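What the coordinates show
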Amino acid sequence: MEITWLIILIAVIVYTIFRGKSRKKTLYSDDAAGELQYNKEVGENIHLSSPLVYYGENLDFSDEVIRKVLIKYFPYFNRLLPPDQDKFLSRLRKFIKTKIFIIHDVKGYREMPILISASSIQLTFGLDKFLMPHFNIIQIYPQEFIALEPMRILIGNVSGNTINIAWKQFLEGYKNRFDSSNVGLHEMAHALYYQNFETEEYIDRNFKNCFQVFTALGDRIYSKEKERSIGLYSDYAMKNFQEFWAESIELFFENPQRLNSHYPELYNILCDLLCQDPLRYPYHDYSV
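Residues numbered from 1 in each chain as written. Predicted model: local features only at pLDDT ≥ 70, side-chain atom pairs only at ≥ 80, totals over all residues. Heavy atoms only, no water.

Comments concerning the overall build of the protein chain
When you go through the protein chain residue by residue, the secondary structure sums to 11 helices and 10 strands. Within the protein chain, contacts between residues at least 6 apart in sequence are counted, and of these 66% link residues at least 24 apart. Only carbon and sulfur atoms are counted for the fraction: they give 55% of the accessible area of the protein chain, which is about 15,100 Å². (Helix = DSSP H or I, 4+ residues; strand = E, 2+ residues; numbered from the N terminus. Contact = heavy atoms within 4.5 Å. Areas by Shrake-Rupley, 256 points an atom, 1.4 Å probe, with all protein chains shown as cover.)

Structure representation (structure tokens):
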């Protein structure tokens, strides 16, 4: 008798897990307007409250949809040659599938997971390791948000296993390509450093080895900028070397001409570090 009930209990548990996974696969859909919606099986009259949670493994965007979004909003993708665009799409799909997207709003749009993931692929496009598995959660806020300990207003940060991004400021970073400000690239730079130097897992050896060279030169430039700024870096970049690193990445992609003009050696080290060269692509020595 006890064995029979045990078998029944196991059967119920297996059924519940299977049913949950089956429902999860159809829980989200992508409508023509670009809005990420709960599937009709949830019910049209149910009020959805923030935050919305989307598992990347269930966001099965077509190549046509991803290309359309990238062509409209992502200049980096448009400059790539066709083979590199295919590589970018492949990496983007893999990256999305490994993340959970938490949207702190009553609506979510397909541009959110696609474009924020694309900023990470842009940064790591020349590297072998690009998934940053330590950061399995990406939180998206409509605009500035409040962080605790200490309490402050932010447009982005990296905390624990989570990357937090303010959507309004993220879009502004890609609309204005020459203001040297891009919160997506900034936070992904922090995450990339943390993945390679703090977690001690999924390490890109070329990145980690070259970063030592960047640190040696960057520390001198950081000290120089703190003493007498030439207006290239913001005051926030002078807060600490990690912010200097993240803002260097913003400059590298947003205003490579200016960075190369003021600090050509630093620009070249970043090329070697990331295995890509925005100024000379596709005529350079890297695979990207």
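A word on unusual backbone geometry
Going from Y281 to P282, the amide bond is cis rather than trans, its omega being 0°. Tracing the chain through its elements places P282 in the segment after α11 (264-274). With a phi close to 60°, E200 is a non-glycine residue in the positive phi region. Residue C275 is not a glycine yet carries a positive backbone phi of 55°. Mapping C275 onto the fold places it in the segment after α11. On the accessibility criterion, C275 (16% relative accessible area) is buried. (Buried < 20%, exposed > 50% of the residue type's maximum accessible area, 1.4 Å probe, protein only.)

Description of the sheet that holds strand β9 (residues 156-159)
Across the sheet, five strands lie side by side as β3-β4-β6-β10-β9; this open sheet has mixed pairing. Two strands close off the open sheet at either side, each with one partner strand: β3 (52-55) and β9. Taken pair by pair, the neighbouring strands of this sheet meet at an average axis angle of 15°, ignoring direction. As judged from the four bridges shared by β3 and strand β4 (residues 100-103), these two strands associate in the antiparallel manner. By the bridge assignment, Y55 is partnered in β4 with I100. Taken strand by strand, helix α6 (residues 167-175) contacts β6 (137-141) and β10 (162-166), and its axis lies near 75° from that of β10. (Pairing = 2+ DSSP bridges. Axes fitted to C-alpha atoms, helices over the stretch in contact; angles between N-to-C directions.)

A few points about the pairing of β10
Burial within β10 is extensive, with five of its five residues counted as buried. Of the two faces of β10, the one lined by T162, N164 and A166 and the one lined by I163 and I165 are each fully buried. With five bridges connecting them, β6 and β10 associate as parallel partners. When the sheet's bridge partners are listed, I138 is paired in β10 with I163. The hairpin turn running from β9 into β10, its antiparallel successor, is two residues long, and G160 in that turn takes a positive phi close to 60°.

So, helix α9 (residues 241-254)
When the terminal C-alpha atoms of α9 are compared, their 20 Å separation across 14 residues agrees well with the 20 Å that a helix rising 1.5 Å per residue should span. Measuring from the backbone nitrogen of Q242 back to the side-chain oxygen at the start of α9 gives 3.1 Å, which picks out N240 as the cap. (Expected span 1.5 Å × (residues − 1). Polar contact = N/O pair within 3.5 Å; in protein donor to acceptor, adjacent residues only side chain to side chain.)

Overview of the pattern of salt bridges
For the structure shown, the criterion picks out five salt bridges. Two residues, R93 and D60, come together in a salt bridge whose shortest N-O distance is 3.8 Å. Taken together, the residues R93 in helix α4 (residues 82-97) and D60 in the loop between β3 and α2 (63-73) connect sequence positions 33 residues apart. The partner of R280 in a salt bridge is D277, and the shortest N-O contact between them spans 2.6 Å. According to the relative accessible area criterion, R280 is partly exposed, its value standing at 37%. Through salt bridges that share partners, D60, D63 and R93 make up one connected network. (Salt bridge = Lys/Arg side-chain N within 4 Å of Asp/Glu carboxyl O.)

So, the packing of α9 against α11
The geometry of α9 relative to α11 is characterised by a closest axis approach of 11 Å and an angle of 90° between their N-to-C directions. Looking at the two axes, α9 sits roughly perpendicular to α11. Across the interface between the two elements, F244, W245, S248, I249, F252 and F253 from α9 touch L266, Y267, L270, C271, L273 and L274 from α11. Split by residue class, the contact of α9 with α11 holds 11 nonpolar, one polar and no charged. (Parallel < 35°, antiparallel > 145°, perpendicular 65-115°, else oblique. Nonpolar A, V, L, I, M, F, W, Y, C, P; charged D, E, K, R; others polar.)

A word on the packing of aromatic side chains
This structure, assessed with the given rule, holds 29 aromatic pairs. Ring centres 6.4 Å apart and planes at 25° place the aromatic pair F214 and F244 in the stacked group. Of this pair, F214 sits in helix α8 (residues 205-227) while F244 sits in helix α9, placing them 30 residues apart in sequence. Comparing F214 with F244 shows no difference in burial state: the two are buried. Grouping aromatic residues by their ring pairs yields a cluster made of F74, Y76, F77, F88, F125, W167, F170, Y174, F252, F253 and Y267. (Phe/Tyr/Trp six-rings, centres within 6.5 Å; stacked < 30°, edge-to-face > 60°.)

Things to note about the side chain of H284
Structurally, H284 can be placed in the segment after α11. Among the polar contacts listed, one links the side chain of H284 to the backbone nitrogen of Y286, at a separation of 3.0 Å.

Concerning the state of the cysteines
The tally for this structure, following the rule as stated, stands at zero disulfides. Looking at the unpaired C271, the closest cysteine sulfur is the one in C275, lying at 9.8 Å. Taking the relative accessible area as the measure of exposure, C271 reaches 1% and is therefore buried. (Disulfide = S-S within 2.5 Å.)

No statement about biological role is implied by the geometric values presented.
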